[in-house]
Amino acid sequence: MVGPLSVSLASYVQSSRTLSRWIKPIANWYANASGYRQYGFKYDDLLVEERPDVQRALGRLTTREKYDRAFRLKRASQASVLHAPLPKEQWIKPEEDNRYLMPHVVEVAKEDAERQMWDTVKVKKN
Amino acid sequence: MLAARVSTARNVQRAARSFATVADSAGLKVAAIDANQPTSAVTILVKAGSRFETKPGVANALKNFAFKSTAKRSALGTVRESELYGGVLSASLTREHLALTAEFLRGDEQFFVDVLSSFVTSAKFTRHEFEEYVTPLIESDAAAVDADPATYAVEIAHALAFRSGLGASLFAPSHNSITVEDIKAYAKSAFTKGNIAVLGSGIDQGVLAKLVEKSLAATPASTTASTSATSYYGGETRVEAHGGPQTVFIGFGTTGAPSAELAALAAHLSPAPSVKWSKGVSPITAAIPAGASVQAVYLPYSDATLVGLLVQGQSGADVKQAGKAAVEALKKAASGISPEELKTAVAKAKFAAANATESRDGLVSVLGSKVLAGAPATLEASLASFDGISAVALSKAASDLVKGKPTYVAVGDVKALPYADELGL
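These figures come from a predicted structure and were not determined experimentally.

### Concerning the overall build of chain B
And then number 1: Looking only at helices and strands, chain B features 15 helices and 11 strands.
And then number 2: Seen through its principal axes, chain B has C-alpha atoms that stretch 65 × 60 × 40 Å.
And then number 3: Partitioning the intrachain contacts of chain B with sequence separation of at least 6 by distance along the chain shows that 81% fall at a separation of at least 24.
And then number 4: Of the roughly 18800 Å² that chain B leaves accessible, carbon and sulfur atoms contribute 57%.
And then number 5: Taking the average place of the 39 positive charges on the side chains of chain B and the average place of its 38 negative ones, the gap between the two points comes to 4 Å.

### Re the nonpolar core
And then number 1: Core analysis: the biggest nonpolar cluster contains 52 residues, and Ile 44, Leu 62, Phe 125, Val 198 and Leu 208 of chain B have the highest contact counts within it.
And then number 2: Counting 44 residues, the second largest nonpolar core, distinct from the first, contains Ile 284, Val 294, Val 327 and Leu 394 of chain B.

### Considering the sheet that holds strand 3 (residues 39-46) of chain B
Consider a sheet: its strands pair through backbone hydrogen bonds, and that pairing is either parallel or antiparallel.
All names here are of chain B.
And then number 1: Spatially, the six strands line up as an open sheet ordered 1-2-6-3-5-4, and their pairing is mixed. Lying at the two open borders of the sheet, with one neighbouring strand each, are strand 1 (23-25) and strand 4 (88-93). Adjacent strand axes in the sheet meet at a mean angle of 20°, parallel and antiparallel pairs treated alike.
And then number 2: Here strand 4 runs beside strand 5 (residues 98-105); their pairing, made up of six bridges, is antiparallel. In the strand pairing of strand 5, Val 88 is matched with Glu 103.
And then number 3: Along the sheet, helix 4 (residues 109-122) contacts strand 3, strand 4, strand 5 and strand 6 (196-201); its crossing angle with strand 5, the most-contacted strand, is approximately 160°.
And then number 4: Seen against the sheet, helix 8 (residues 205-216) touches strand 1, strand 2 (28-33), strand 3 and strand 6 and runs at an angle of roughly 150° to strand 2.

### As for the packing of helix 9 (residues 260-269) of chain B against helix 11 (residues 316-335) of chain B
All names here are of chain B.
And then number 1: Helix 11 packs onto helix 9 with a crossing angle of 135° between their chain directions and a minimal axis gap of 10 Å. By the criterion of interaxial angle, the relationship of helix 9 to helix 11 is oblique. Classified by chirality, the crossing of helix 11 by helix 9 is right-handed. On helix 11, the residues that touch Leu 265, His 268 and Leu 269 of helix 9 are Ala 329, Leu 330 and Ala 333.
And then number 2: The residue makeup of the contact of helix 9 with helix 11, split by class, is five nonpolar, one polar and no charged.

### Remarks on a nonpolar patch on the surface
And then number 1: On the surface, Met 117, Val 121 and Val 123 of chain A together with Leu 84 and Tyr 85 of chain B cluster together into a nonpolar patch covering about 430 Å² of accessible area.
And then number 2: The exposure class of Leu 84 of chain B is partly exposed, given its relative accessible area of 46%.

### Here we look at the UniProt feature "domain: Peptidase M16 N-terminal" (unreviewed entry) in chain B
And then number 1: Residues annotated in UniProt with the feature "domain: Peptidase M16 N-terminal" (unreviewed entry) correspond here to residues 30-173 of chain B.
And then number 2: Counted over residues 30-173 of chain B, helix gives 46% and strand 18%. Its end C-alpha atoms are 35 Å apart.

### Re helix 13 (residues 360-373) of chain B
And then number 1: Between its terminal C-alpha atoms helix 13 of chain B stretches 19 Å, which fits the 20 Å expected from 14 residues at 1.5 Å a residue.
And then number 2: The set of residues buried in helix 13 of chain B consists of Gly 362, Leu 363, Val 364, Leu 367, Gly 368, Val 371 and Leu 372 of chain B.

### Notes on the pattern of salt bridges
And then number 1: Going through the model one piece at a time under the given rule, you end up with 26 salt bridges over all chains.
And then number 2: Notably, a salt bridge pairs Lys 63 of chain B with Asp 141 of chain B, separated by 3.0 Å at the nearest N-O pair. Residue Lys 63 of chain B is located in helix 2 (residues 58-64), and its partner Asp 141 of chain B is located in helix 5 (residues 127-146); the two are separated by 78 residues in the primary sequence.
And then number 3: Among the residues examined, Lys 63 of chain B registers a relative accessible area of 17% and is labelled buried.
And then number 4: What emerges from the salt-bridge pattern is a single network uniting Arg 56, Arg 60, Glu 111 and Asp 112 of chain A together with Glu 132 of chain B.

Reading guide: rules and limits
Residues numbered from 1 in each chain as written. Chains lettered and ligands numbered in written order. Predicted model: local features only at pLDDT ≥ 70, side-chain atom pairs only at ≥ 80, totals over all residues. Heavy atoms only, no water. Helix = DSSP H or I, 4+ residues; strand = E, 2+ residues; numbered from the N terminus. Contact = heavy atoms within 4.5 Å. Areas by Shrake-Rupley, 256 points an atom, 1.4 Å probe, with all protein chains shown as cover. Lys, Arg positive; Asp, Glu negative; His and termini not counted. Charge placed at Lys NZ, Arg CZ, Asp CG, Glu CD. Core = buried A, V, L, I, M, F, W, Y, C linked by side-chain atoms within 4.5 Å. Buried < 20%, exposed > 50% of the residue type's maximum accessible area, 1.4 Å probe, protein only. Pairing = 2+ DSSP bridges. Axes fitted to C-alpha atoms, helices over the stretch in contact; angles between N-to-C directions. Parallel < 35°, antiparallel > 145°, perpendicular 65-115°, else oblique. Left-handed = near helix turned anticlockwise from the far one by under 90°. Nonpolar A, V, L, I, M, F, W, Y, C, P; charged D, E, K, R; others polar. Patch = residues over 30% accessible without salt bridge, like charges linked within 9 Å, V, L, I, M, F, W, Y side chains within 5 Å. Salt bridge = Lys/Arg side-chain N within 4 Å of Asp/Glu carboxyl O. UniProt positions renumbered as here; feature names shortened; annotations may be inferred. Expected span 1.5 Å × (residues − 1).

Dropping the structure here:
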C-alpha cells in the first residue's frame, strides 16, 4: 500500500516460516538500531501525520491513547532539546511497541477507497 | 340500496386497512397489507422504546445508530446503494417501540429487507461512528426538543406521571454518559425474536415472510422485553424556558389498557375545528383569548394512558385564562355530557382512529403494536369499541380521571404562568 504505511512486505514474510525465521532477528535488530525507542517513541508515532486520512485515524484513538501519544511526543522533544536519548528505564520496550494507530489508518484508507468506488460507480441495467 | 352499497364499500376499505393475518416466519411475526400502492414499505418494529432502556438516552442513541455499518455493508454503502434503488430509510422511536422503515419501489424488497435485517443481526456499533455520526444526531434531537416547549412539556409530564418506565424520555439528556458499549448491550437484549415484528405495506405477505425467514432466522430467540407494570403518580412542576410560547400541560393518567371512552373524551375536549379557518363549537374555543391555543392530547400505551390539554399562549395571563376554560370544560365533561355531544365526540374519535391508519406511519404505530402483542390487528376491532360508549360511561371515565392527582407542567416564564390550583385543579 502506498501511503502513510508505505510499501510493506511484512505480511508476505510473516506468512512464510522460513523467511520469518531468517528475517525476524534482523528486523528486531534494525528496529532497535534505528533509535526511536530510545527517545520513547512507538513506531506508530512516526507515521506521517500531515495527511487528512491519518488525521481522521488520530481522531479515532481513545482519550487515553491520545494522551499517551502526546506525552511521548513531548518527552521526545525534550530529549531532542537535551541532545541525548532518554534514560534507559524510559526506553520503549519491544513488547510495548504496538501498532495502536495502524488499524485505524487501514480502516480510514478502506473507507476512502469505498467512497472513491461509489463516486465513480457505473450503474448497469440488467 | 345506496346505503347498502356505501356500507359494503366502507367495509372493503376497512378490510384493506388491517393486518388481517399474522404469519409466523421463523419465530417472527410477519404481517403485510397489499392495497396496490405504487410503492412498498417494510418496517421492522422492535420492542426497544425508551421505556425499556437501561440508561437515559440509550434508546434514542440506538435509533440514531440505525443504518450505520454492518457486517454486510458500510454506512456509506447503505446510503449509496439505497439511493441507487431510490429508496428511503428512516428510523423512529416511541416510548414502546423502535421502528426501522424502508420505503421503496415495488420489486426491490429483497435488497431493502436485507438492509433492515442486517442492521438487526450484524450491526457493528463502532466507536468512531458513534463519535463521528451518532453523537451529533443525539445532540440535535435533544436541542430540537429544548426549542419546542410543547414537546418538552409532554416529556416532563411523562416523567411526572409515570416516573420510571413510560416516564423515561424519548431524548437523551444533554450531558449524558452513553457509551457505544451501552448501545451494543441494549441492542443485543432488544433484537431477539420475541421482540420483533415485521410489517409490510404494498407487499405480498408470502413474499415478505419468505425474505424475513431467510434473513432474520439467525436472530437469537429469547424472552420478550418486559418492564414492571406502569403506575400513575402525577404531580406539578415548573420549568423556566425562553424563546417559545408560554406552555402549560394539564394531564391525567390511568393505568390499564387504553379505553375507547378516554379517546372519545379527548375528542370531546379537542377544540380543533372541523372546518378550516373557523372557530369550532367546542366550549373551550369560545372562552380562550385570541392568540392562545388549547390542544387535546391523547397518548395511549399498552398499559397506561395519558389524557390532557396542552395550553399555549403569548403571555402568562392568556395561558391562565385559556387554562381555566380548559379545566372547566374537563370538569363539565366529568359531571355529565349530552347525547348530541356524545355523538359528535364518538364520531370525531372514530374518524381520528380511522384516519391514523391512513398513512404508513400511522398504520404501523396504531396496528403494529397489536401485531407485536399478538392481538387482532384490525381497524374494525378498534372502531367497534367506540360503538358501545354511552354518555354515562364517558362522564364516568372523565370523573374517574379527574379524581386522580393531576399532572401539571408549566414551561416558559414561571413567574407569570399560573399554578395548578389557580386553574381550579
